[in-house]
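Residue strings, one per chain:
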4 protein chains.
Amino acid sequence: MTSKVSRASVELDQQGTEAEGLDALYEKLADAHMIPLWTQIHELMPQRPAPRAQPYVWRWNELYPLAKRAGDLVPVGRGGERRAIALANPGLDGLPFATPTLWAAIQYLGPHEVAPEHRHTQNAFRFVLEGEGVWTVVNGDPVAMRRGDFLLTPGWNFHGHQNVTEAPMAWLDGLDIPFVYQTDTSFFELGPEDLTDTSTPERSRAERLWGHPGLQPISLLGTRASSPLPVYRWQNTDRALTDQLALEAEGHPATLEPGHAAIRFSNPTTGSDVLPTIRADFHRLREGVGTAPRKEVGSSVWQVFTGKGTAAIDGVEHELEHGDVFVVPSWAELELHADDALDLFRFSDAPIFEALHQYRGVIGGGSHQ
Amino acid sequence: MTSKVSRASVELDQQGTEAEGLDALYEKLADAHMIPLWTQIHELMPQRPAPRAQPYVWRWNELYPLAKRAGDLVPVGRGGERRAIALANPGLDGLPFATPTLWAAIQYLGPHEVAPEHRHTQNAFRFVLEGEGVWTVVNGDPVAMRRGDFLLTPGWNFHGHQNVTEAPMAWLDGLDIPFVYQTDTSFFELGPEDLTDTSTPERSRAERLWGHPGLQPISLLGTRASSPLPVYRWQNTDRALTDQLALEAEGHPATLEPGHAAIRFSNPTTGSDVLPTIRADFHRLREGVGTAPRKEVGSSVWQVFTGKGTAAIDGVEHELEHGDVFVVPSWAELELHADDALDLFRFSDAPIFEALHQYRGVIGGGSHQ
Amino acid sequence: MTSKVSRASVELDQQGTEAEGLDALYEKLADAHMIPLWTQIHELMPQRPAPRAQPYVWRWNELYPLAKRAGDLVPVGRGGERRAIALANPGLDGLPFATPTLWAAIQYLGPHEVAPEHRHTQNAFRFVLEGEGVWTVVNGDPVAMRRGDFLLTPGWNFHGHQNVTEAPMAWLDGLDIPFVYQTDTSFFELGPEDLTDTSTPERSRAERLWGHPGLQPISLLGTRASSPLPVYRWQNTDRALTDQLALEAEGHPATLEPGHAAIRFSNPTTGSDVLPTIRADFHRLREGVGTAPRKEVGSSVWQVFTGKGTAAIDGVEHELEHGDVFVVPSWAELELHADDALDLFRFSDAPIFEALHQYRGVIGGGSHQ
Amino acid sequence: MTSKVSRASVELDQQGTEAEGLDALYEKLADAHMIPLWTQIHELMPQRPAPRAQPYVWRWNELYPLAKRAGDLVPVGRGGERRAIALANPGLDGLPFATPTLWAAIQYLGPHEVAPEHRHTQNAFRFVLEGEGVWTVVNGDPVAMRRGDFLLTPGWNFHGHQNVTEAPMAWLDGLDIPFVYQTDTSFFELGPEDLTDTSTPERSRAERLWGHPGLQPISLLGTRASSPLPVYRWQNTDRALTDQLALEAEGHPATLEPGHAAIRFSNPTTGSDVLPTIRADFHRLREGVGTAPRKEVGSSVWQVFTGKGTAAIDGVEHELEHGDVFVVPSWAELELHADDALDLFRFSDAPIFEALHQYRGVIGGGSHQ
């Protein structure tokens, strides 16, 4: 943090002896590990969020080749644990963080490679832009990863991955690593190097228990901090969005705004977010549709699933294509526009701020508060 | 309530003048609308629940012909509102109540009949034992009723029914009418005599919005006292139960006890019960399986969907066949046995007692507390 | 319930053979323990609550002498357990219930008498109109009872009472006995005949742990269904009401309506009601003040602590004096008027209906819905 | 974050062309704002919390003279807003943060000085080590600050302070500034420069509404994210702790561990913490008592109110005297020992981690996990 001096102290500086005394005081304070508020307040407590994280777009046609090249050069295994490459926000001083709270990475697994099992308190998900053939094994339960699927690895569950095909596969990893890092709440434990279950079932056991709409297994009842459903399959997401747009076309309320269908991935045991720190949505815009401007506290990361369009963030327009990942910092104004029909995956840290009663959001751009 | 006299007062009766004084006192108390606790406490506050409701089985092969006969003789329409015939527990003094809190009725709708729209604070559901061809219209949204489906009409939603076929249809209605009646919380309002929407879509609008596992429409987010999903389709229920038994066979925990699969119908916005006052489950027993004895506070009503077996209630065995409805009063011990593979629908008032911290249950029959 | 026949069936009666058929059907239904909805719906599901319980006032100058007479004639002890005389609502068929859910009784304990220990799932409180000298022992912790105090005995806590003085003492008992009775959820267990602790401390142990505003003992943290504070002392209640009226006089919002101060007794571990089934408030009206008309779902019982005034219930005015107890049935309209400054204690079953999402209330009398 | 290279990549470095390729890859990744996980994972995701914040003690006899000197040299007023001097953890790179989430500062207000009104989303409290004569005005309600009092200024409430005496006054400010800063959720608004109410009542209006144990004003019912009680008075805190130790001496469970009394300041509308992000406790150790070792996720700040003793943090012992402030980083082991009877105020960020299901704690030092 740069040192700013408030009006109050500036005036003092213009006077003689007080200024000398003040210099001496500041020196003594520094020695005593003390820092005045009055020199810091404008940076520390801005009138509205003034994030260091910047809006930024990573291009899939740049991301993927780099991940592939890492696949050629860097083995995956114990020690490094994962061949994941983090998107580092240019505003965050070289830290491997997409936003102050969220981690986004492209993970790449070559033919027949295995990422060994471990667990950590960080909450994780995967979103599959394209490809298939990897099974993620969560607490010994193999879950197939396929195009469009959204998969969960909630904190402190052992997990590993294996690619059973001849083709590589890459996907988006999302975690709360930055939040856990900043708050010193990381626990991490290695599991076996070989996967505990190498079978490749069509449906995981947890899907068979929890994947039926509105039905809960009585033997497993009870609320859980994270969703027990390990994967949200693309065909369901696609169908839900298709239904919303069809209902809208039939004249019924269903969409978030005209031409804009949207679903939230939710925890069936509570009805709230899938992970305690991460919210995940999927959005679909009809061709030609633009969204109302929207601002909210906290940050989010988007990935284009299909289609073309633009994201205007605080008035700066960014072109969007298949696979592009972009960041919306806290309180930045976002407007989306679909050139083609546009499908977007999105995750954010909103559950943190809702739980702590710090959440604010505005739609419509009226208020710049 | 019969008047019981406690030991204390009995002893008094044996003495002369006190007894006279006591008689005079009791007379004066009665005049003043006052009643001593000490003459009532054993009935009012038993050591364990002593329900007046009795275990009882209504036979489908008796219920259905009577409903059919009513279909011949009694028109359905404004005034009577529904051709529903309540199961009246023999222990409840001629009241049309299955248990002190729960209403269970067979409702019968002839070819092309319409039951007009109304709404009430009583929470309702329908369970479809057999047949199809009726649409229930809930707040203007027509919902197809088919074999095995579980349908909701939460309190204060307008609803009516129409049969669009040449065949009659009958189903089980469950409501909290007795509870609402006892607690004086009924509001009731007539709607239009003609249905607001007579279309017969394959899927209702609410199913299209809420029927995707783990997905919520962002435009409709928020917790609701009752489930927004209007129907839980049989194919999902069946598949979930099949999956549980298959997982058990593969060696994984999934069932409630060996050979006993069970799901709970749940509210996707909260993960809790579908209605604030009513819990609904579906149970499947493999052929030959018997359940552990089980007791719980509050009452439940069961209907056999398919198969044959027995229910032992407080040690008395009852034969069960397709469509039979039986009642388990509070704290009665229940053991089920499947002769054939047995599928059962069940509803209970447990959410009332859980919400009020009065719930107790025991499994295994060890404690008779 | 009287048998009402709907229009639909009346029309049928006017025709020949159908009527005969209908009679036969009704007979068969009765034999099969089945009752048609269409003959019952108007009584079962009224347009608005139509309670059988009636508004009624019991006069303290009648209650107290009868309790005293019972003190002369009826011993207190094991078997009868308590010398409590219930207020029996004239509309409730001779049941000892003030309302369909609430029990209200006057309990009388003579000089040096002891009521033995027991526990039950019914939730209980005491409100002390006048007198002192009794200690209620809750789970082995003696709690002094004094004028104006509101004392709790939540469900399943052992409790007994002893009078350590030469003077008798009487107080109001409130319980959820009718609700527990109707729902078959009573468990009851005898404790020792002699009190487990006969000491008479100024403050109970639980008061010393929980009686400090906003402070919780860290060793006992956690939410509880019922308040851990065993008594709400009159001096605090009085001071809170005095403060509200003083703040109002100083021009600040504080009162429920002009001249009407009101506090709710609350559970410090949750901020909600003191008992899961019972709400308790205290109200103070300045001399000359009248309240706006008010209706709510569920029933309540009031006792005049000091002052004189009137209660108009559904337009019928009742004179009120010290100690008078009156009942307001569900959805009955209540207006209070203070001739003198009027202090009133009140309890209701509202937590039941709030927990189950059945609560409704209106202020101002505008809507008669 | 320093760049660490995992075993996987080290091995690669030893080979020729791959290493060149790897260097080229890392360069390209840096250009693309991408950072490999495998070089960072050990720092980013440690096996247990590895906080950069250090255990540290600020001495009151150093803090206070510096604050006093600032009082001589630096005016208080609009712009700098407060004469508060933050305790800057030596491990946190010169940021004015006591821990990664918590701000602790000494605020100093000279005779007749006024700190102008503002509001911000940061949650704040004050703890008064010594002195009196300042009123903090929260939303227009003046609240007296006196020795031992714990005062709240929840987020987004306007507040200012005035000293009405001839003597200066200093106190401890605690806020969640670092957390809000890291998460970009700050909103800040200036209020009037002159206080909205300069009166100096003995009790604030909010105390008169909310300061009665277990009683809530019915006109203001409802849960709130932060406590509506603006101050927790020392006489209540002291009495609660005295009661706990007395109960322990009488043989009853009351203390946290032998000789260690402890209370939590709580929100009477929910029973949970006073602020959404900050927990506050008060601890009292009998002379000679030592606490069991204790570790928990998240950080805390302590201030010695009275007495002498030691704090051993991760095995390093620190002497403690009146007014000393010390920090316990995440998962550091703390043992306290009282030479004299020792009174300590403590605040922490635990509500954040409890809300997000990240909380862990151990007592007894057995496990070093």
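Keep in mind that what you see is a predicted model, and the values were worked out from it rather than measured.

*Asks:* An account of the overall build of chain A is needed here, citing residue identities and associated values.
*Replies:* Summing up its helical and strand segments, chain A has 8 helices and 24 strands in all. A compact globule built from 369 residues would reach a C-alpha radius of gyration of about 21 Å, and chain A, at 23 Å, matches this within 12%. Considered along the principal axes of its C-alpha atoms, chain A spans approximately 80 × 55 × 45 Å. Every one of the 369 residues in chain A was classed for burial, and the buried ones make up 64%. Long-range contacts, defined here as pairs at least 24 residues apart, represent 74% of the contacts in chain A between residues at least 6 apart. Surface accessibility of chain A: about 12,300 Å² in total, with carbon and sulfur atoms responsible for 49%. Positive and negative charge centroids in chain A, built from 30 and 49 side chains respectively, lie 5 Å apart.

*Asks:* Help me get a handle on the pattern of salt bridges, residues and values and all.
*Replies:* In this structure the tally under the stated criterion is 86 salt bridges over all chains. Between Glu248(A) and Arg286(A) there is a salt bridge whose closest N-O contact spans 3.4 Å. Of this pair, Glu248(A) sits in helix α7 (residues 234-249) while Arg286(A) sits in the loop between β16 (279-285) and β17 (294-296), and the two are 38 residues apart along the sequence. Judged by relative accessible area, which is 22%, Glu248(A) ranks as partly exposed. Look at Arg286(A) and you get partly exposed, because its relative accessible area is 31%. The closest approach of N and O atoms between Arg346(C) and Glu296(C), which form a salt bridge, is 2.3 Å. With Arg346(C) in strand β23 (residues 342-348) and Glu296(C) in strand β17 (residues 294-296), the pair connects residues that are 50 residues apart, well separated along the chain. The network of salt bridges with common partners includes Arg203(A), Arg208(A), Asp243(B) and Glu250(B).

*Asks:* So what's going on with the interface of chain D and chain C? Residues and values would help.
*Replies:* Taken together, the contact pairs 41 residues of chain D with 41 residues of chain C. Counting the surface lost from both chain D and chain C, the interface buries some 3,500 Å², and carbon and sulfur atoms represent 59% of this. Taken as a group, Arg208(D), Pro213(D) and Ile218(D) account for 19% of the area that chain D buries against chain C, more than any other trio of residues on that side. Taken together, the connections running from chain D to chain C amount to 6 salt bridges. Our count for the contact surface shared by chain D and chain C stands at 20 residue pairs in polar contact (both at pLDDT 80 or more). Elements represented by at least two residues in the side of chain D that touches chain C include exactly α6 (205-210), β13 (215-217), α7 (234-249), β15 (260-265) and β16 (279-285) of chain D. Its residues placed into classes, the side of chain D that touches chain C shows 18 nonpolar, 15 polar and 8 charged. Examined bridge by bridge, strand β15 (residues 260-265) of chain C and β13(D) share 3 bridges and lie antiparallel to one another.

*Asks:* Can you explain helix α4 (residues 60-73) of chain D? Please cite residues and give values.
*Replies:* In an α-helix, one turn spans 3.6 residues, which is why side chains three or four residues apart end up on the same side. Residue and element names in this part refer to chain D. With 14 residues, α4 should reach 20 Å at 1.5 Å per residue; the first-to-last C-alpha distance of 20 Å fits that figure. Turning to α4, its buried residues number three or more, namely Trp60, Leu63, Leu66, Ala67, Ala70 and Leu73. For α4, the buried positions fall inside an angular range of 160° around the axis, keeping them on one side. When the buried face of α4 is taken as reference, the exposed residues oriented beyond 90 degrees from it are Asn61 and Asp72.

*Asks:* Summarise the relation of the copies chain A and chain D; cite the residues concerned and give the values.
*Replies:* The two copies are related by a screw motion: chain A maps onto chain D through a turn of 180° and a shift of 0.0 Å along the axis, at an RMSD of 0.0 Å. The relationship between the two copies is best expressed as a two-fold rotation axis. When C-alpha distances to the rotation axis are compared across chain A, the minimum falls at Ala355(A), with a value of 3.1 Å. The fraction of interface residues of chain A whose copies in chain D are also interface residues reaches 100%, indicating that both copies meet through the same surface.

Thresholds applied
Residues numbered from 1 in each chain as written. Chains lettered and ligands numbered in written order. Predicted model: local features only at pLDDT ≥ 70, side-chain atom pairs only at ≥ 80, totals over all residues. Heavy atoms only, no water. Helix = DSSP H or I, 4+ residues; strand = E, 2+ residues; numbered from the N terminus. Rg over C-alpha atoms; globule rule 2.2 N^0.38 Å. Buried < 20%, exposed > 50% of the residue type's maximum accessible area, 1.4 Å probe, protein only. Contact = heavy atoms within 4.5 Å. Areas by Shrake-Rupley, 256 points an atom, 1.4 Å probe, with all protein chains shown as cover. Lys, Arg positive; Asp, Glu negative; His and termini not counted. Charge placed at Lys NZ, Arg CZ, Asp CG, Glu CD. Salt bridge = Lys/Arg side-chain N within 4 Å of Asp/Glu carboxyl O. Buried area = accessible area lost by both parts, 1.4 Å probe. Polar contact = N/O pair within 3.5 Å; in protein donor to acceptor, adjacent residues only side chain to side chain. Nonpolar A, V, L, I, M, F, W, Y, C, P; charged D, E, K, R; others polar. Pairing = 2+ DSSP bridges. Expected span 1.5 Å × (residues − 1). Arc of directions from axis to C-beta. Least-squares fit on C-alpha atoms with pLDDT ≥ 70 in both.

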